[in-house]
Each structure stands twice: as structure tokens, then as C-alpha cells.
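Listed below are the residues making up each chain.
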Amino acid sequence: MPTTALGIHHLTAIAGDPQRNVDFYAGTLGLRFVKKTVNFDDPFTYHLYYGDGSGGPGSLLTFFPWPAGRTGRQGVGQVNVVSLAILPASLGWWVERLLTHGIAHEAPATKFGRRVLAFRDPDGMPLELVADPAAESRAGWTGGPVPADHIVRGMHGVTLWVGSAAATAALLTETLGFRAAGEEAGVQRFVSGDGGPGTVVDVRAAEGFWAGTMGAGVIHHVAFRAANDDAQDELRQAVQQAGIATTPRIDRTYFHSVYFHEPGGVLFEIATDGPGFAIDEPADRLGSALKLPAQYESARAQIEAQLLPIHLPAEVAG
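Okay, so let's go over this structure. Just so we're clear, the structure is a prediction, and the values are computed from it rather than from any experiment. (Residues numbered from 1 in each chain as written. Predicted model: local features only at pLDDT ≥ 70, side-chain atom pairs only at ≥ 80, totals over all residues. Heavy atoms only, no water.)

Helix and strand counts for the protein chain stand at 6 helices and 16 strands. Relative to the globule expectation of 20 Å for 318 residues, the C-alpha radius of gyration of the protein chain, 18 Å, shows essentially globular dimensions. Referenced to the eigenvectors of the C-alpha coordinate spread, the extents of the protein chain come out at roughly 45 × 45 × 35 Å. When burial is assessed residue by residue, the protein chain has 54% of its 318 residues classed as buried. Taking the contacts inside the protein chain whose residues are at least 6 apart along the sequence as the reference set, 66% of them involve residues at least 24 apart. For the protein chain, the computed accessible surface area is about 12900 Å², with 52% contributed by carbon and sulfur atoms. Taken as two groups, the 23 positive and 33 negative side-chain charges of the protein chain have centres that lie 2 Å from each other. (Helix = DSSP H or I, 4+ residues; strand = E, 2+ residues; numbered from the N terminus. Rg over C-alpha atoms; globule rule 2.2 N^0.38 Å. Buried < 20%, exposed > 50% of the residue type's maximum accessible area, 1.4 Å probe, protein only. Contact = heavy atoms within 4.5 Å. Areas by Shrake-Rupley, 256 points an atom, 1.4 Å probe, with all protein chains shown as cover. Lys, Arg positive; Asp, Glu negative; His and termini not counted. Charge placed at Lys NZ, Arg CZ, Asp CG, Glu CD.)

A separate point is the sheet that holds strand 9 (residues 155–162). Overall, mixed pairing links the 8 strands, which are arranged 6-7-8-5-9-12-11-10 in an open sheet. Each having just a single partner strand, strand 6 (109–111) and strand 10 (179–184) make up the two edges of the open sheet. The sheet shows a mean angle of 30 degrees between the axes of neighbouring strands, taken without regard to direction. Summarising the sheet, strand 7 (residues 114–120) and strand 8 (residues 126–131) pair through 6 bridges and their orientation is antiparallel. Bridging from a neighbouring strand, leucine 117 pairs with leucine 129 of strand 8. In the packing of helix 2 (residues 91–100) onto the sheet, the strands contacted are strand 5 (78–86), strand 7 and strand 8, and the crossing angle to strand 7 comes to about 15 degrees. (Pairing = 2+ DSSP bridges. Axes fitted to C-alpha atoms, helices over the stretch in contact; angles between N-to-C directions.)

For the rest of this paragraph, the subject is the environment of glutamate 315. Structurally, the position occupied by glutamate 315 is in helix 6 (residues 314–317). Along the primary structure glutamate 315 and proline 145 are separated by 170 residues, whereas in three dimensions their C-alpha atoms are 6.1 Å apart. Other than its neighbours up to four places away in sequence, glutamate 315 contacts Gly27, Thr28, Arg97, His101 and Pro145.

Now for helix 4 (residues 229–241). Because the α-helix completes a turn every 3.6 residues, residues three or four places apart line up on one side. Compared with the 18 Å implied by 1.5 Å per residue over 13 residues, the 18 Å span of helix 4 between its first and last C-alpha is a close match. For helix 4, the full list of buried residues reads Ala231, Gln232, Leu235 and Val239. The buried residues of helix 4 all sit within an arc of 100 degrees when viewed along its axis, so they share a single face. Those residues of helix 4 that are exposed and aimed more than 90 degrees away from the buried face are Asp230 and Gln241. Capping the start of helix 4, asparagine 228 holds a side-chain oxygen 3.2 Å from the backbone nitrogen of aspartate 230, two or three residues further along. Once helix 4 ends, the next one or two residues include glycine 243, with phi positive near 90 degrees. (Expected span 1.5 Å × (residues − 1). Arc of directions from axis to C-beta. Polar contact = N/O pair within 3.5 Å; in protein donor to acceptor, adjacent residues only side chain to side chain.)

Laid out in C-alpha cells, this is it:
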């Protein structure tokens, strides 16, 4: 049986001010600050990771903060919405939390049979909290400011905007092993595995809409899970057999990566589940120090001098 993607591994976006990003994701949303490192291709830019207690695949949101960068524009050829999983009984609590923190939000709506609370992060990136009873089986972070009953339980899914959905749908189903799971209001849904939180990809055909541009508030790419290097190799070969060029395997220390653009222009990654985030610091100290890949250790002083200082917000650190 051909190897299939196990669901979503992580999502990476562009932020503006790094401290504001930490305040929102570790503070307001209560995710664990899993790793403070740098963009391996641009070591003078942070790469900040948030997730569950261990930084498990399927829980991770990661950001490249560009403090002096431009604001991006959401559009075709991008992931345009990030959906996070919560329990249904938590929806009202989250409405109150967003109000308390002065975060504008839409009235809860129903999508594909689940109640959804939509809002934006401080850089304008669209987010949703999806109330799904299946989130009970997903881990979260109970050491933060959000009570254990209401924690975010990892990724629920992503929404892609593409000019034409047919080729994207074919890649998802024929190459990556997703399956169609319905259509609603012009959005096609695809799922992998058990079809629950962390496996959902929605595809909106937005023909004629403007193309997205990269910058703060815009999602850079979405990564899908491969159990290990062998599974990643099989998926990479399947993508290449579909006529799509991929990168070689790239060692990102915490996982191994392969990148390619799907037919609608969205940047996809296939990332391995391991080695994981405790490879270079203890599990109980994740995110506590700036971790650099070996090739940049000799430039640590120069890198640290150019990165803006960041700290956990008071409601986390206190």
C-alpha cells in the first residue's frame, strides 16, 4: 500500500515584531514556546516555534519575524487560514478571552458541522478555533495561562486558496493520500488518516482573485507529516512521479524536510516526525535558550547582537 501523508506537521508564517508574536501565541493563545532558533537560511532572523508540551507534529505553528519588513497580502497561491482545535465546551470561554484581550472576532459560525470562531493575529493572519469533540484525543499545553479544560489542542486544519482546485485536489488525493470529505460554500475538504483534527485541508478555488504576496501576516508554507525518512522518500518520489520538482532532503535539526510547490502555487513541505525538539535541550526547558545549528555557532555573538531581545509574557513567566 502506498505511503500517505499522516496529516499536518506544522505551519510556518511571517510575523512582524517578535515580542508581539510571543505575547500573542504563548500568552493569549497559551501555546508552549517550544523553540527559539533562527531561520537556517537567514540566521539573522528568528525562527520561533509554538505547540503542545513536546512540540509534537500536528501541534506546531512557527514564525519568521521580520521586524522591519512589509505587510504581506493574502491571496491565491497561499495557505490563507489556520484552524486550531478546541473542545466544544471551550468556545464560550474563548469568546470571553478574545474580548478580554481586545481581539476583534467574528460571531461563531458553523462550517462542515463544527462551530468556528474566526479572528486574526496581531499581524493580520487569519485564524480559527474549531470546536471539535475529537480534539479530546489531541495533546495541548497545560503549563501555560490557559486552563487545562480550554487549551488549544493542536492544529485542526488549513485552508488553501488556489486559482483552480482540480490539480490541487488531484495532488492531495492521488499523490499524498488524502481523500475527499465533502464540499460546502465553494470549499472542498480533504482529510487523511482518521479525518479528525490535524488532518484537514480545505481548498477554495479563487479564480481571478489577486495573487498573495509575502510579508507579515502571510503564511509561508504548510508541512505534512512523514513518519520517518523512508516514508518521506516514498512521498517525495510520488510527488516527482506526478511531474513536480522537489528539493533534496534538508536537515532542519528537529526534523528533515523536502519542499515543493503544488500546482496551485502553495509551498508544501514534507517533514519527518523526528528527531524532535528535545534533541538539543531538555524537554522541561524547551524554548529557554537560543539554539543555533552547528554551522552558525561560530557566529553566535554576531547573531545574538542583531536579534531583538524577546521574553515570555508575564502571564506565562510569572
